[in-house]
Amino acid sequence: MKRRVLKKVTGFVLSGAMALGMIAGWGTMEGTAVQAAEEPYEVTMLTQGEQQEALPRIMEKVNEILVRDLNIKLNLLVSPYGSLAQQRQLMLTSGEPLDLVYLDAASAVGFMNNGQIIDMGDLIDEYGTNIKEYWGDEAKSANIGGFVFGVPNLNEVGNIPAIGMRKDMVEKYEINVDSIQSLEDLEPVLAMIKENEPGITPVHICADQLPVSKQLSVIDPMIDGIAVLDNSGLDTTEIIPVTQSKEYQEKCELFHRWYEAGYINQDAATTTIQFESAFKAGSTFCAIMVWHPMSPNQFGGVDMEYAFLGEHKVLSGATGNADYGIATNSKDPAKAMQLLDYLYGSEEVAQLLNWGEEGIDWVYADKEQNIVTWPEGVDSNNATYHAQLAWALPNQFMASTWQGVYDPDVFEQMLKFNKEGEKSTAFGFTYNTEPIETELTALKNVQEKYRVSLETGAVDPEEYLPKYEEDLKKAGLDKVIEEKQKQFDAWLAEQ
């Protein structure tokens, strides 16, 4: 089934490449290759991921394909996790060559206001064949006041709040997973784990991971998580301080109760050890997370069981958290856009960038179902290329699935999942922060002071929520709410 979907989309790429070749006045055809009369344009693309020893080998293969089909080369810059923001800022401000840049809505606002990225709306109309095939009317959903700052990666659209639990312990204690439908339902299980497994923390929370409030969809953060919509934004258009969200207050109280009871790791507000590492180390029973069909069956080599804590929610920014924009530095935005659209439809290139070369970096475990695994003698310890970049690529559904990690039909599940979900009234809304940049900077400093402590249960919300709100007001909260509400109302009127 997946093969038929990919074949259809890849057809767009090949026909589009040939058409572009004729428009550009390319030379003759030799077999299926388009011979170009001019030097290939090199698109510099900044993404994030783990550095790979054999990247030059892979890029040589990728560029053979791109020159053949588009007369374009790709210079892929992979920024290590944690370094992307700094490298991106440096490249955008220094004027050095940069075409495609990995963005999110929060960072895109500043780059837009500074004139460092371009409006991609017309380019999507002209060259976005594969993009529109997948996204349809939402191809331009990553926009701020009509300025299209990026094209969304084909990732999950929304999530289901969940608890990921160690499967071995679920089986050991015969835990009825289906009976856990809320955090309150989980409490007796946590008490049992604490009593019977003294060396294990029942729940691991990490300050460096997604805010718990976002994972649980108790609010629609509307980018900043300060001026928000309550109840996932499902039945309201009134923007309020996060501190006045009833659901947010209740979750802070619950986490504080758990923290006091010893259910949450006592360093939750400061630790950088993420739940994947905690599972691998055997130090925790469960973690709060989000679920979608591509959520792994394992974390840190530990099999997972998931308990779902609600429905599939789609918040504002759901298609604006991982996008590729085009830098103003680009010498040829049209060619950058052509390449971006090509990456949405090329299984061949996606496979190379994600898993490497067949026979060297991977082999088929089941070719019919498009499942791959390690070649003989190769594993994660000695592999020279195993980027697992799919989530950071424009269309992760183009690459094969890795054996044992996902169901064979996971991509079909994801396409179905992305069409479902309850949408926030603010889905598709991104606001321009330029009129309130000074206040937002001050508010984010206040947020840094309080949010993590409150959301990990480390402090008493009865005492700290009023302090949080008071400090937010002093930092300009009312002005931010007023400006955001004005822009939101104007946006709603146009829908």
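Keep in mind the model is a prediction, meaning the values are calculated, not measured. (Residues numbered from 1 in each chain as written. Predicted model: local features only at pLDDT ≥ 70, side-chain atom pairs only at ≥ 80, totals over all residues. Heavy atoms only, no water.)

## Details of the overall build of the protein chain
Okay, step 1: Per the secondary structure count, the protein chain includes 17 helices and 22 strands.
Okay, step 2: By the compact-globule yardstick of 23 Å for 495 residues, the protein chain fits well, its C-alpha radius of gyration being 24 Å.
Okay, step 3: Viewed in the frame of its principal axes, the protein chain has a C-alpha envelope of about 75 × 55 × 35 Å.
Okay, step 4: Per-residue burial for the protein chain yields a buried fraction of 56% across its 495 residues.
Okay, step 5: For the protein chain, the computed accessible surface area is about 21,600 Å², with 47% contributed by carbon and sulfur atoms. (Helix = DSSP H or I, 4+ residues; strand = E, 2+ residues; numbered from the N terminus. Rg over C-alpha atoms; globule rule 2.2 N^0.38 Å. Buried < 20%, exposed > 50% of the residue type's maximum accessible area, 1.4 Å probe, protein only. Areas by Shrake-Rupley, 256 points an atom, 1.4 Å probe, with all protein chains shown as cover.)

## Thoughts on the pairing of strand β19 (residues 363–366)
Okay, step 1: Sheet analysis places β19 next to strand β20 (residues 371–373), joined by three bridges and oriented antiparallel. In the sheet register, V363 faces β20, and the bridge partner there is T373.
Okay, step 2: The antiparallel pairing of β19 with β20 creates a hairpin that spans four residues between the two strands, and N370 there sits at a positive phi of about 60 degrees. (Pairing = 2+ DSSP bridges.)

## Some thoughts on the nonpolar core
Okay, step 1: One finds V62, L100, I117, M120, F149, M337 and L339 to be the most contacted residues of the largest nonpolar core, which totals 77 residues.
Okay, step 2: Setting aside anything within four residues of it in sequence, one finds V62 in contact with L74, V349, L352 and L353.
Okay, step 3: Among the nonpolar cores identified, the runner-up in size contains 61 residues, and I200, I205, A307 and A426 belong to it. (Core = buried A, V, L, I, M, F, W, Y, C linked by side-chain atoms within 4.5 Å. Contact = heavy atoms within 4.5 Å.)

## Notes on the sheet that holds strand β15 (residues 298–299)
Okay, step 1: Pairing is mixed in the open sheet, where five strands are placed in the order β10-β14-β9-β16-β15. The two strands at the open ends of the sheet, each matched to only one other strand, are β10 (201–203) and β15.
Okay, step 2: Sheet analysis places β10 next to strand β14 (residues 284–291), joined by two bridges and oriented parallel. From the neighbouring strand, T201 faces β14, where its bridge partner is T284.

## Section: the pattern of salt bridges
Okay, step 1: Evaluation of the coordinates by the stated rule reveals 19 salt bridges.
Okay, step 2: Note that K335 and D332 form a salt bridge whose closest N and O atoms lie 3.5 Å from each other.
Okay, step 3: Under the relative-accessibility criterion, K335 is labelled buried at 18%.
Okay, step 4: Residue E470 is joined to K474 by a salt bridge in which the shortest nitrogen-to-oxygen separation is 3.5 Å. Taken together, the residues E470 and K474, both in helix α16 (residues 461–474) and four residues apart, mark about one turn of the helix.
Okay, step 5: Owing to a relative accessible area of 45%, E470 belongs among the partly exposed residues under this scheme.
Okay, step 6: Looking at K474, the relative accessible area reads 64%, which means it is exposed.
Okay, step 7: One network of salt bridges, with partners in common, ties together E38, D332 and K335. (Salt bridge = Lys/Arg side-chain N within 4 Å of Asp/Glu carboxyl O.)

## Things to note about helix α13 (residues 347–355)
Okay, step 1: Here α13 lies mainly inside the structure; eight of its nine residues are buried.
Okay, step 2: For α13, the set of buried residues is E347, V349, A350, Q351, L352, L353, N354 and W355.
Okay, step 3: Downstream of α13 by a residue or two, G356 has a phi angle that is positive, lying close to 95 degrees.

## Structural notes on unusual backbone geometry
Okay, step 1: Residue E174 is not a glycine yet carries a positive backbone phi of 50 degrees.
Okay, step 2: One can find E174 in the loop between α7 (167–172) and α8 (183–196).
Okay, step 3: Unlike most non-glycine residues, N370 shows phi in positive territory, near 60 degrees.
Okay, step 4: Within the secondary structure, N370 is located in the loop between β19 and β20.
Okay, step 5: The exposure class of N370 is buried, given its relative accessible area of 2%.

All we've got here are geometric facts, nothing functional implied.
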